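Next come the chains, spelled out residue by residue.
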Amino acid sequence: MTTQEEQTRAALRFPPGFAWGAATSAYQIEGAVGEDGRGASIWDTFTRTPGRILGGHHADVAIDHYHRYREDVAIMARLGLSAYRFSVSWPRIQPGGSGPVNSKGLDFYKRLTDELRRHDIDPWLTLYHWDLPQELEDAGGWPNRDTAYRFAEYAAAVHEALKDHVHTFSTVNEPWCAAFLGYASGEHAPGRREPENAIRGAHHLNLAHGLAVQAMNARRVGGCVNLYAITPATGAERDLDAARRIDGLQNRFFLDALLLGRYPEDVLADLGMDLGFIQPGDMKAIGAPIDVLLVNYYSRFTVSGEPGGRASAAAAPTDTASPWVGSEHVSFVNGGRPVTAMGWEIDEDGLVEILTRVAREYPPIPMVVSENGAAFDDALVDGRVHDRERQAYVEAHLAACRRAIDLGVPLQGYFAWSLMDNFEWAWGYGKRFGLVHVDFETQERLLKDSALWYAEIIRQNRRHEPTDS
Ligand code: FCB
């Protein structure tokens, strides 16, 4: 082994028990949208709305995971994963978002988690990865407070049915996206452009989290946030203010709520709106103790207070408005780093920055990186995908995780986004994030070079673990 190889290996050596994972979400992979009593979700409706999804794609079949889950779990076992993060489709469990549970829907997740456990893969269940039952949207969606109570009932039902199968339950995936892309920019379902309702939605998503934590009373429960490292374009006052604002909306609005039980005063002031929908007791519920914080990390934003620039860090695939409620004047500038196929700048130092920040500025909480990965334009040649760039991305970010641990961050695991190529929301099937290549016509799965490499890193790390756990 060369010295450089030795250094790389040392940089990627993790403490025993570190969770080696990959992540997916229900709507992006399952398909089977009309099967076993599943109701319609806002994504079924949105994908049917002309102009909303690149190429007019939908996920009626997606990558057919609903039928192929055994094959997919076998792939996870081949990779040596010790953990798998997936989400439950709310409209499979309660087709209209309330009332009695649909046992056939729950059975799917029982089969899936049984299969995972048979392979010693720890299931990490996410209750909500954006597929709100359409009936609840018709009643007002997330801006309607009632949705938070419906969510707590749904959470309790899923927990009751699956608590013997699942150790770690997490609530809402990336509430920022659900609120601001769903109700302000319109890039995601339900595609509304109603800035004030986006803030209501954000609050009710936080409330849903807190009420669900209380309703489940689970052995181990987590909340999930998507955090960005943020840099002002210059040292000028207006750029510093822009950075404060975007950090406030993207990061602190959710971190402060979940971990401190309050909203940052400066962010509320920026919004300049009537906040009467925040009711007494809400913040206490939102701040209900959790056992683990799930952090999704992809990139860094460089922001400027000079109006007239780009309204977000990367191009949106469809016609959208600004998601930055109350700070619409902020623009996003090129930070000069290499980008992925999404146009997202690659910056692994940003991951160290946000993890150490959470550890420093908030009460102690174990964390995992619950999503991290990259889309690139993969080429399948002679049965191989030589995705060097994805491998380099994951390698750099894993090394960043290791650095964060060395700096004292209680980081307990890493989940690559994504296990397999899948339906990438407004981008349809046009962006591939998988470690595993999927032929969207034949549904054939094939391990990319990045997957083979990840499997080797996992093997080296896990080889001293007891096998009879
Ligand atoms: C995250 C989402 C996930 C996937 C990745 C690329 O924001 O949680 O579903 O789309 O981005």
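Residues numbered from 1 in each chain as written. Predicted model: local features only at pLDDT ≥ 70, side-chain atom pairs only at ≥ 80, totals over all residues. Heavy atoms only, no water.

By the naming in an unreviewed UniProt entry, the chain is Beta-glucosidase, taken from Nonomuraea aridisoli. Recorded under Catalytic activity (unreviewed entry), the UniProt text for the chain is reproduced unchanged: "Hydrolysis of terminal, non-reducing beta-D-glucosyl residues with release of beta-D-glucose." Reading the Sequence similarities (unreviewed entry) entry of the UniProt record for the chain gives the comment "Belongs to the glycosyl hydrolase 1 family." (UniProt positions renumbered as here; feature names shortened; annotations may be inferred.)

Student: Please give an account of the UniProt feature "active site" (unreviewed entry) in the chain that cites residues and values.
Tutor: Per the UniProt entry, the sites bearing "active site" (unreviewed entry) are Glu174 and Glu371 in this numbering. These annotated residues cover 198 residues of sequence, but their C-alpha atoms sit close together, with the largest distance between any two at 10.3 Å. Within the secondary structure, Glu174 is located in the loop between β4 (168-172) and α9 (175-185). Once residues lying within four places of it in the same chain are set aside, the contact partners of Glu174 are Trp130, Cys224, Asn226, Asn296, Tyr298 and Glu371. Mapped onto the elements of the fold, Glu371 is located in strand β8 (residues 367-372). The class for Glu371 is buried, based on a relative accessible area of 4%. Once residues within four sequence positions are removed from consideration, Glu371 is found in contact with Ala23, Arg85, His129, Asn173, Glu174, Val295, Asn296, Tyr297, Tyr298, Phe415 and Trp417. A polar contact of 3.1 Å, which involves the side chain of Glu371, links it to the side chain of Asn296. (Helix = DSSP H or I, 4+ residues; strand = E, 2+ residues; numbered from the N terminus. Contact = heavy atoms within 4.5 Å. Buried < 20%, exposed > 50% of the residue type's maximum accessible area, 1.4 Å probe, protein only. Polar contact = N/O pair within 3.5 Å; in protein donor to acceptor, adjacent residues only side chain to side chain.)

Student: So, the UniProt feature "binding site: substrate" (unreviewed entry) in the chain: which residues are in play, and what are the values?
Tutor: As annotated in UniProt, the feature "binding site: substrate" (unreviewed entry) corresponds to Gln28, His129, Asn173, Tyr298, Trp417, Glu424 and Trp425 in the numbering used here. Excluding anything up to four places from it in sequence, Asn173 contacts Arg85, Thr126, Tyr128, His129, Trp130, Cys224, Asn296 and Glu371. Topologically, Trp417 is positioned in strand β11 (residues 411-417). Taking the relative accessible area as the measure of exposure, Trp417 reaches 4% and is therefore buried.

Student: Can you lay out the site of the ligand for me, pointing to particular residues and giving the numbers?
Tutor: Every residue lining the ligand is accounted for by Gln28, His129, Trp130, Asn173, Glu174, Tyr298, Trp344, Glu371, Trp417, Glu424, Trp425 and Phe433. Between an oxygen atom of the ligand and a side-chain N or O atom of His129, the distance comes to 2.8 Å. Contact distances for the ligand include 3.0 Å between an oxygen atom and a side-chain N or O atom of Glu371. For the ligand, whose unbound accessible area comes to 290 Å², protein coverage reaches 95%. (Near = heavy atom within 4 Å. Areas by Shrake-Rupley, 256 points an atom, 1.4 Å probe, with all protein chains shown as cover.)

Student: Quick rundown of the nonpolar core? Include the residues and the values.
Tutor: One finds Trp43, Tyr128, Phe151, Phe180, Leu293 and Tyr454 to be the most contacted residues of the largest nonpolar core, which totals 143 residues. When near neighbours in sequence (up to four residues on either side) are disregarded, Phe151 contacts Trp90, Leu127, Tyr128, Trp142, Thr171, Val172, Ala208 and Ala212. If you look at the next biggest cluster of nonpolar residues, it comprises 19 residues, including Val292, Ala374, Trp427 and Phe433. (Core = buried A, V, L, I, M, F, W, Y, C linked by side-chain atoms within 4.5 Å.)

Student: Explain the side chain of Asp449 residue by residue, including any values.
Tutor: Turning to its location among the elements, Asp449 is positioned in helix α16 (residues 449-462). Overall, Asp449 belongs to the buried group, its relative accessible area being 15%. One polar contact links Asp449 to His386, side chain to side chain, over a distance of 2.6 Å. The residues touching Asp449, leaving out its near neighbours within four places in the chain, are Arg384, Val385, His386, Asp387 and Gln391.

Student: Any chance you could break down the state of the cysteines for me, citing the residues and the numbers?
Tutor: Tallied over the full model, the rule gives zero disulfides. A disulfide-free cysteine, Cys177 has its sulfur positioned 9.3 Å from the sulfur of Cys224, the nearest such atom. Exposure remark for Cys177: the relative accessible area of 7% places this residue in the buried category. (Disulfide = S-S within 2.5 Å.)

Student: How would you sum up the environment of Arg9? Please name residues and give values.
Tutor: Mapped onto the elements, Arg9 comes out in helix α1 (residues 3-11). For Arg9 and Thr47, which are 38 residues apart along the polypeptide, the C-alpha to C-alpha distance reads 44 Å.

Student: Describe the packing of aromatic side chains, with residues and values.
Tutor: One pass over the full model with this rule turns up 39 aromatic pairs. Taking 6.2 Å as the distance between ring centres and 85° as the angle between the ring planes, the aromatic pair formed by Trp90 and Tyr128 counts as edge-to-face. One end of the pair, Trp90, is in helix α5 (residues 90-93); the other, Tyr128, is in strand β3 (residues 122-128), with 38 residues separating them in the sequence. As far as the burial class goes, Trp90 and Tyr128 line up, both buried. (Phe/Tyr/Trp six-rings, centres within 6.5 Å; stacked < 30°, edge-to-face > 60°.)

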